[in-house]
Amino acid sequence: MYRKFQDSPNVNWFKTKTKKEKNFPSVIKTFMGRDAINLLLFNKKKESKKALLPAYTCTEVTDQFEKHGYKIVYYDLNFFEIEELPQTTDIDIFYFIRYFGIEVKNIKSAIKKVKKQNPNIFIVEDRAHYLSDKPLLKDVDAYIFSFRKLLPTPEGGGLLTDIKIDYRYKSKFISNLLSLAMVLKKRFIGHNPKFSRSKIASENSLSNAIFAPSFFTNRVIENFDIDKNIKLRRELFYLWLEKSKKYSIKPLFTKLQEDDIPQGFPIIVSDANKLFVKMRKEGVYLKRHWILDEKFKTIAPKSYKLSNEIITLPIYEEINEKDIDMIIDKIHLYTI
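The rules we used
Residues numbered from 1 in each chain as written. Predicted model: local features only at pLDDT ≥ 70, side-chain atom pairs only at ≥ 80, totals over all residues. Heavy atoms only, no water. Buried < 20%, exposed > 50% of the residue type's maximum accessible area, 1.4 Å probe, protein only. Helix = DSSP H or I, 4+ residues; strand = E, 2+ residues; numbered from the N terminus. Contact = heavy atoms within 4.5 Å. Phe/Tyr/Trp six-rings, centres within 6.5 Å; stacked < 30°, edge-to-face > 60°. 1 Å grid on protein atoms, 1.4 Å probe; cavity = no way out; pocket = protein on both sides within 12 Å on 5 of 7 lines; lining within 4 Å. Points joined across faces, edges and corners; volume = space filled by probe spheres on them. Nonpolar A, V, L, I, M, F, W, Y, C, P; charged D, E, K, R; others polar.

Let's talk about helix α1 (residues 33-43)
Now for step 1: Counting buried residues along α1, 10 of its 11 residues qualify, which places the element largely inside the surrounding structure.
Now for step 2: Taken residue by residue, α1 has Gly-33, Arg-34, Asp-35, Ala-36, Ile-37, Asn-38, Leu-39, Leu-40, Leu-41 and Asn-43 as its buried positions.

Take a look at the structure:
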């Protein structure tokens, strides 16, 4: 019924106009975000092979570090605030995420602390939720992108860093074919984890050979009207915020800073999975970022609790006020 309310912007596929100054000119573009992580770790000089990662993240990220032989040390998050970090030295990489396009609280002091403990540490910022290559924080050594989460494309990731990256692209014909398969899946199957990007793409080997984005996706990445999209996202955020007051729905964030680009409108509920299932039956797919394994009850209890209480309402093109009212009404119906 509500075909557009899925897990990513899936309207107006590849509809964009060519412009002179391309977006993300220095970004190495990849088929998926995990390919960008693999490429960075393949080229990164290993020292301790320990990485400090937020517990609240997806296995698509952590799996790549484990595949490259890194020991992961997790840090907890209290509603996207870094309250403390493990007293760990000999850390090679510090990884953080700009969740929902909004800066994590205390990230500047966290970076300062890890650099003091580990002077040669490599800082990586994950911008899978942030549609910009603008530098915002000091001392960041690399940026990871996942364009398909923010643009009307079925795939696309990227890596931006000043270190030398040795890489080569596999057959672009295969990239185009895989992209077409994803579009067809989205159109005729909709959201279905049994037929995901992970299962469509072949397993990455520990090499510098990667898939490029498809021809059409690359065109969108380079020519998309980012300024217009940022304006729309911020407007929709405040529209969601105003509408959520109708039934006292609790937003995770109540205001935006100057450089925030909201990827979605996360809210706090008592049971995210229960709401997810009920809304899915209505044809409305609300994203969960992310579902943590039960082991995190002990490793990072605050992040584990968060994973069961946060669900994200959609912000992207073609979501309008009528849609928002409908979703808000249904959420209230299922949470009272």
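Moving on from the model shown.
Remarks on the environment of Thr-88
Now for step 1: By secondary structure assignment, the location of Thr-88 is in the loop between β3 (71-75) and β4 (93-97).
Now for step 2: Exposure remark for Thr-88: the relative accessible area of 17% places this residue in the buried category.
Now for step 3: Expressed as a C-alpha distance, the spacing of Thr-88 and Gln-117, which sit 29 residues apart in the sequence, is 7.8 Å.
Now for step 4: Leaving out residues up to four positions away in the same chain, Thr-88 has contacts with Val-73, Gln-117 and Asn-118.

Examining the packing of aromatic side chains
Now for step 1: The full count for this structure, using the stated rule, is 23 aromatic pairs.
Now for step 2: A ring pair is formed by Phe-80 and Tyr-99, whose centres lie 4.7 Å apart and whose planes are at 55 degrees; its orientation type is tilted. Of the two residues, Phe-80 is situated in the loop between β3 and β4 and Tyr-99 in the loop between β4 and α3 (107-117); the sequence distance between them amounts to 19 residues. Neither Phe-80 nor Tyr-99 differs from the other in exposure class; each is buried.
Now for step 3: Between Phe-80 and Phe-100, the aromatic rings sit 5.4 Å apart at their centres with planes inclined by 85 degrees, giving edge-to-face as the arrangement.

Considerations on the layout of surface pockets
Unoccupied space between atoms shows up once a probe the size of one water molecule is rolled over them.
Now for step 1: Considered as a void within the structure, the second largest pocket measures approximately 450 Å³ in volume.
Now for step 2: Lining the second largest pocket we find 18 residues, and of these Ile-102, Glu-103, Lys-105, Phe-253 and Gln-257 sit closest to its centre.
Now for step 3: Here the residues of the lining of the second largest pocket are counted per class, giving seven nonpolar, three polar and eight charged.

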